[in-house]
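Coordinate analysis (summary)
Letter by letter, the chains look like this.
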Amino acid sequence: MPDTPILEVSGLVAAYGAIRALHGIDLSLMPGEVVAVLGANGAGKTTLLRCLSGLLKPVDGRIVFDGDDIAGKPAEGLVARGISHVPQGRMVFPGLSVRENLIVGGWTRDRAATAQGIDRACTYFPRLAERMDQQAGTLSGGEQQMLAVARGLMSQPRLLMLDEPSMGVAPVIKAVIFDALADIARDEGVTMLIVEQDAELALDLADRGYVLETGSLAVQGPAEALLVDDALRRAYLGG
Ligand code: ATP
């Protein structure tokens, strides 16, 4: 693994008006790493992803992606640079077909790359392959989540950020989604930052984890160590 981080965040501060949601976060990701971000409701996990993908302008701090400080840069440019954010709550376009949703996800790419991206989505999620012309709003919740992940991959990201990919999804579909993420990480070396309430599921996939507590980093470490730390599980992970 190369020794230069693909993403290095330092002193990240974010706020909504007068309310601070992040109080100075430091984290880094090496290329190809899968990293989980855990923590209770309101800890600031979504806020962190929104800063990294350019949806929220940080108050302070540096976000260095691939050597450049991108803090405060607009989201559209960051997608083209290789950052993709699969938001909480899926946000598929309900009136568009599965195929059209995927095409929208590939807006930064040319036609050939879009066609390849659709093939790739079908490989990782065969259930979507059977439903290409179905309206996304008529998919089950789990299928919509698969579509959200597949759409997030259409821009060929080097950093894929996922916000609660298991939320509201049946256990069998959770497994399909997390198996696909493991395949994508292994086969394509896509770096991933995964926000999850299901700590065990996330840490099973991840190399490392960070635990956020009310806007600050409480704990970080290798996934295996976090998984077996009883005090940590009781304090932060509902274990
Ligand atoms: P959850 O697990 O419930 O999604 P989270 O860890 O992702 O929580 P955030 O959504 O980042 O937490 O919220 C962090 C803090 O910022 C919370 O106190 C929340 O109330 C606040 N917050 C989030 N979005 C807004 C907003 N649009 N306006 C004002 N406050 C906000």
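That block above? That's the structure.
Residues numbered from 1 in each chain as written. Predicted model: local features only at pLDDT ≥ 70, side-chain atom pairs only at ≥ 80, totals over all residues. Heavy atoms only, no water.

Some thoughts on the sheet that holds strand S2 (residues 19-29)
To keep it simple, the criterion reads: Pairing between strands requires that DSSP locate at least two bridges from one strand to the other. Only DSSP runs of H or I covering at least 4 residues are called helices, and only runs of E covering at least 2 are called strands; the numbering of each starts at the N terminus. We call two residues in contact when some of their heavy atoms are within 4.5 Å. Axis definition: a line fitted to C-alpha atoms, limited for helices to the stretch in contact. Angles are taken between N-to-C directions and run from 0 to 180 degrees.
If you trace the 4 strands from one edge of the open sheet to the other, you get S2-S1-S4-S5, paired in antiparallel fashion. At either margin of the open sheet sits one strand with a lone partner, and together these are S2 and strand S5 (68-69). The sheet strands contacting helix H1 (residues 45-52) are strand S1 (7-16), S2 and strand S4 (60-65), and the helix crosses S1 at an angle near 115°.

So, the side chain of histidine 85
Selection criterion: Only protein chains enter the accessibility calculation, which uses a 1.4 Å probe; a residue is then buried when its area is under 20% of its type maximum, exposed when over 50%, and partly exposed in between. Here a polar contact is taken to be a pair of N or O atoms separated by no more than 3.5 Å, where protein atoms must pair a possible hydrogen donor with a possible acceptor and residues adjacent in sequence count only if both atoms sit in side chains.
Within the element layout of this structure, histidine 85 appears in strand S6 (residues 83-86). You can call histidine 85 buried: its relative accessible area is 18%. There is a polar contact of 2.7 Å between the side chain of histidine 85 and the side chain of serine 53. Beyond its immediate stretch of four places on either side in the chain, histidine 85 contacts Leu49, Arg50, Ser53, Leu55, Met161 and Asp163.

What about the site of the ligand?
What counts here: The near set for a molecule or strand comprises every residue that places at least one heavy atom within 4 Å of it. Accessible areas in this description were obtained via Shrake-Rupley with a 1.4 Å probe; residue shielding takes into account the shown protein chains only. Just so you know the grouping, Ala, Val, Leu, Ile, Met, Phe, Trp, Tyr, Cys and Pro go in nonpolar, Asp, Glu, Lys and Arg go in charged, and all remaining residues, Gly too, go in polar.
Of all residues adjacent to the ligand, which total 13 residues, the nearest are Asn41, Gly42, Lys45, Thr46 and Thr47. Asparagine 41 is positioned such that a nitrogen or oxygen atom in its side chain is 2.8 Å from an oxygen atom of the ligand. For the ligand, an oxygen atom lies 2.9 Å from a polar atom in the backbone of glycine 44. For the ligand, whose free accessible area comes to 630 Å², the fraction covered by protein is 60%. Residue classes in the shell around the ligand are distributed as 4 nonpolar, 7 polar and 2 charged.

Side note on the sheet that holds strand S7 (residues 159-163)
Taken in spatial order, the 6 strands make up an open sheet running S6-S7-S8-S3-S9-S10, and their pairing is mixed. Where the open sheet ends on each side, the last strands, each with one partner, are S6 and strand S10 (216-222). Each neighbouring strand pair of the sheet contributes to a mean axis angle of 15°, computed without reference to strand direction. Relative to strand S8 (residues 191-195), S7 is paired through 5 bridges, and the arrangement is parallel. Bridge assignment links leucine 160 to a residue of S8, and that residue is methionine 192. Where H1 meets the sheet, its contacts fall on strand S3 (34-38), S6, S7, S8 and strand S9 (208-213), and the angle it forms with S7 comes to roughly 150°. Along the sheet face, helix H7 (residues 171-188) touches S3, S7 and S8 and points at about 155° away from the line of S8.

A look at the environment of aspartate 163
Structurally, aspartate 163 is set in strand S7. Classification of aspartate 163 as buried rests on a relative accessible area of 2%. Separated by 73 residues in sequence, aspartate 163 and arginine 90 have C-alpha atoms that sit 8.9 Å apart. At 2.8 Å, the side chain of aspartate 163 forms a polar contact with the side chain of threonine 46.

Comments concerning the nonpolar core
Under the convention used in this document: Residues grouped as a nonpolar core are buried Ala, Val, Leu, Ile, Met, Phe, Trp, Tyr and Cys residues, joined through side-chain atoms within 4.5 Å.
Leu102, Phe125, Ile177, Leu181 and Met192 are the most contacted members of the largest nonpolar core, which has 46 residues in total. For this core, the leading source of residues is H7, giving 7 residues. When neighbours within four sequence positions are excluded, methionine 192 is seen to be in contact with Leu29, Glu33, Val34, Val35, Leu160, Leu162, Leu181, Ile184 and Ala185. Membership of the second largest hydrophobic core comes to 28 residues, among which are Leu22, Val35, Val37 and Tyr210.

Shape is all these values report; function is a separate question.
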